[in-house]
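Chain by chain, the residues run as shown.
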Amino acid sequence: QVQLVESGGGLVQAGGSLRLSCTASGHTFGSLGTGWFRQAPGKEREFVAGISWTGGSTYYANSMKGRFTISRDNAKNTVYLQMNSLKPDDTAVYYCADRRRFSIRVGAAEEYDYWGQGTQVTVSS
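Here the structure is a predicted model, which is why all the values come from computation and not from measurement.

1. Focus: the environment of Gln-117
Take Gln-117: it is sitting in the loop between strand E10 (114-115) and strand E11 (119-124). With a relative accessible area of 70%, Gln-117 lands in the exposed category. Not counting the four nearest positions on each side in its chain, Gln-117 is found in contact with Leu-4, Glu-6 and Tyr-95.

Next up, the structure:
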C-alpha cells in the first residue's frame, strides 16, 4: 500500500502562486510516475501534470503549460506542483496520484493506482 498526502493548498488572489506538495509513504518502491489532477465543483476530474519516477519526463495539460511546473525529490518521497499566474478557473481540489504500470496514457486517471485525499486551492478574482 502507498499513502499519499497533499499539502500547500489555500486561498490566493488571481495572479498569485502556490506550491503543492505530495508526500508518499509506505510501499513507495515500484512507482513509475506521479500525476496531479484537479476537480472543480460540478466538473469531472482533469489531468494537470505528470512526472516519471526519474523526473526525466514531464507532461502537462495544455492549459497549464507555462504556468505550472511539476518536479520531484525522491530523497524526500515528494512531488511538487508549482503553480504561477493563478486564475479563478484554477479553483479546485487538487489530487496527486501514483502510477504502478507502464502507460502512454499518463493523463488518464484510470492509469493511476493510489490517490491522495486532495487539497483545496481557491483563487479569488
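2. Focus on the pairing of strand E3 (residues 18-26)
Pairing analysis gives six bridges linking strand E1 (residues 2-7) to E3, with the strands arranged antiparallel. Bridge pairing in E3 links Gln-3 to Ser-25. Two strands pair when backbone bridges link them, and E3 and strand E8 (residues 78-83) are joined in this way by six bridges, in the antiparallel orientation. Note on E8: the bridge partner recorded for Leu-20 is Leu-81.

3. Considering the state of the cysteines
Across all of its chains, the model carries one disulfide by this definition. Linked covalently through their sulfurs, Cys-22 and Cys-96 form a disulfide whose S-S length is 2.0 Å. As the torsion about the S-S bond is roughly 65°, the Cys-22-Cys-96 disulfide counts as right-handed. Residue Cys-22 is located in strand E3, and its partner Cys-96 is located in strand E9 (residues 92-99); the two are separated by 74 residues in the primary sequence.

4. Overview of the packing of aromatic side chains
Pairs of aromatic rings are described using the distance from one ring centre to the other and the angle between the two planes. Using the criterion set out here, one finds four aromatic pairs in the structure. An angle of 70° between the planes, with centres 5.6 Å apart, marks the rings of Phe-37 and Phe-47 as edge-to-face. Note that Phe-37 is positioned in strand E4 (residues 33-39) and Phe-47 in strand E5 (residues 46-52), a separation of ten residues in sequence. Classification of Phe-37 by relative accessible area gives buried; the value is 1%. Judged by centre distance (5.0 Å) and plane angle (55°), the ring pair of Phe-37 and Trp-115 falls under tilted. On the criterion of sequence distance, the pair formed by Phe-37 in strand E4 and Trp-115 in strand E10 is long-range, its members being 78 residues apart. Overall, the relative accessible area of 26% leaves Trp-115 in the partly exposed class. Joined through ring pairs, the aromatic side chains of Phe-37, Phe-47, Tyr-112 and Trp-115 make up one cluster. Positioned over the ring face of Tyr-95 is Arg-45, at 4.0 Å from the centre of the ring.

About the thresholds
Think of each chain on its own: its residues are numbered from 1, step by step along the sequence as written. With the structure being a predicted model, the display of local features is reserved for residues of pLDDT at least 70 and the display and counting of side-chain atom pairs for 80 or more, all residues being used for whole-chain, interface and lining totals. Excluded from the side-chain calculations are hydrogens and water; all other atoms, namely the structure's heavy atoms, are used. We count a stretch as a helix when DSSP gives it H or I for four or more residues in a row; a strand needs E for two or more, and each element gets its number in order from the N terminus. Relative accessibility thresholds used throughout: buried, under 20% of the residue-type maximum; exposed, over 50%; partly exposed, between the two (1.4 Å probe, protein chains only). Note on definitions: a residue-residue contact is assigned when non-hydrogen atoms from the two residues lie within 4.5 Å. A pair of strands counts as paired when DSSP detects no fewer than two bridges linking them. In this description, a disulfide is simply a cysteine sulfur pair whose atoms lie within 2.5 Å. For Phe, Tyr and Trp, rings pair up if their centres lie within 6.5 Å, where Trp contributes its six-membered ring, and each pair is then called stacked (planes under 30 degrees apart), edge-to-face (over 60) or tilted (otherwise). For a Lys NZ or an Arg CZ to count as sitting over a ring, it must be within 6 Å of the ring centre and within 35 degrees of the ring normal.

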